[in-house]
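So the chains spell out like this:
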Amino acid sequence: MSIQAYQNNSVETASPGELTLMLYNGCIKFIKAAGKAMEQKDIESKNTNIQKAQRIIQELMVTMDQNTDISAQVLPLYDYMNRRLIEANTKNDPAILDEVEGLVVEFRDTWKQVILQTRKSQYPQGGNA
């Protein structure tokens with residue numbers, strides 16, 4: 001099986017929670033790539049990678065269940081990260097990228113814990129599914 005086929009299969013069989021985790025990981029990857037491009041003065045690659053990170057954050061915003069209590073706390077943070085990415089892009093500021101990456105890592109790590117807790121409650125005997 002090729003890597004592409006494996007990746008396509010893992011996306012197609014992932015739970016919504018796992019897909020969200022993949023989005024966070026992708027966002028982190030693009031922010032890191034943008035930072036590297038910024039260091040190398042590769043403006044086009046920096047811009048492309050920041051825009052990819054922004055699209056992921058925007059996707060997280062539009063797919064969030066607006067009827068949950070947590071959405072009122074999370075949506076402003078997503079909006080803040082999106083605005084900071086625009087600022088990092090226009091100012092060529094790696095410190096802003098680092099700030100946003102740190103926030104995304106926190107979201108990802110928290111989300112990982114949510115998935116683990118959910119699995120434990122669904123499979124209390126320690127079964128894997």
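In this text, all values refer to a predicted model and were calculated from it rather than measured experimentally.

Summing up its helical and strand segments, the protein chain has five helices and zero strands in all. Reading the protein chain from its N terminus to its C terminus gives the helix and strand order α-α-α-α-α. With 129 residues in all, the protein chain has 33% of them scored as buried. Across the protein chain, every contact between residues at least 6 apart in sequence was considered, and the portion connecting residues at least 24 apart equals 60%. If you sum the accessible surface of the protein chain, you get close to 8,400 Å²; carbon and sulfur atoms cover 53% of it.

Turning our attention to the nonpolar core. Counting residues in hydrophobic clusters, the biggest one holds 25 residues, and the most contacted among them are Ile 31, Tyr 78, Leu 85, Leu 97 and Val 104. At seven residues, helix H2 (residues 16-39) tops the list of elements feeding residues into this core. When neighbours within four sequence positions are excluded, Val 104 is seen to be in contact with Tyr 24, Cys 27, Ile 28, Ile 31 and Met 81.

Detailed reading of the predicted model is not advised wherever pLDDT is low. Model confidence for the protein chain is summarised by a mean pLDDT of 89, while 87% of its residues fall at 70 or above. Predicted confidence in the protein chain is weakest over helix H1 (residues 3-13), with a mean pLDDT of 59, and strongest over helix H3 (residues 43-63), with 97.

Two aromatic rings, taken as a pair, are described by how far apart their centres are and by the angle between their planes. Under the criterion given, the structure shown has two aromatic pairs. With 6.0 Å between their ring centres and 20 degrees between their planes, Tyr 24 and Phe 107 make a pair best called stacked. With Tyr 24 in helix H2 and Phe 107 in helix H5 (residues 94-122), the pair connects residues that are 83 residues apart, well separated along the chain. What makes Tyr 24 buried here is its relative accessible area of 4%. When the ring of Tyr 78 is compared with that of Phe 107, the centres are 5.1 Å apart and the planes differ by 40 degrees; the resulting orientation is tilted. Of this pair, Tyr 78 sits in helix H4 (residues 71-91) while Phe 107 is found in helix H5, placing the two residues 29 residues apart along the sequence. Here the two residues Tyr 78 and Phe 107 agree in accessibility, since each one is buried. Aromatic ring contacts, followed pair by pair, group Tyr 24, Tyr 78 and Phe 107 into a single cluster.

Parameters at a glance
Residues numbered from 1 in each chain as written. Predicted model: local features only at pLDDT ≥ 70, side-chain atom pairs only at ≥ 80, totals over all residues. Heavy atoms only, no water. Helix = DSSP H or I, 4+ residues; strand = E, 2+ residues; numbered from the N terminus. Buried < 20%, exposed > 50% of the residue type's maximum accessible area, 1.4 Å probe, protein only. Contact = heavy atoms within 4.5 Å. Areas by Shrake-Rupley, 256 points an atom, 1.4 Å probe, with all protein chains shown as cover. Core = buried A, V, L, I, M, F, W, Y, C linked by side-chain atoms within 4.5 Å. pLDDT = per-residue confidence, 0-100. Phe/Tyr/Trp six-rings, centres within 6.5 Å; stacked < 30°, edge-to-face > 60°.

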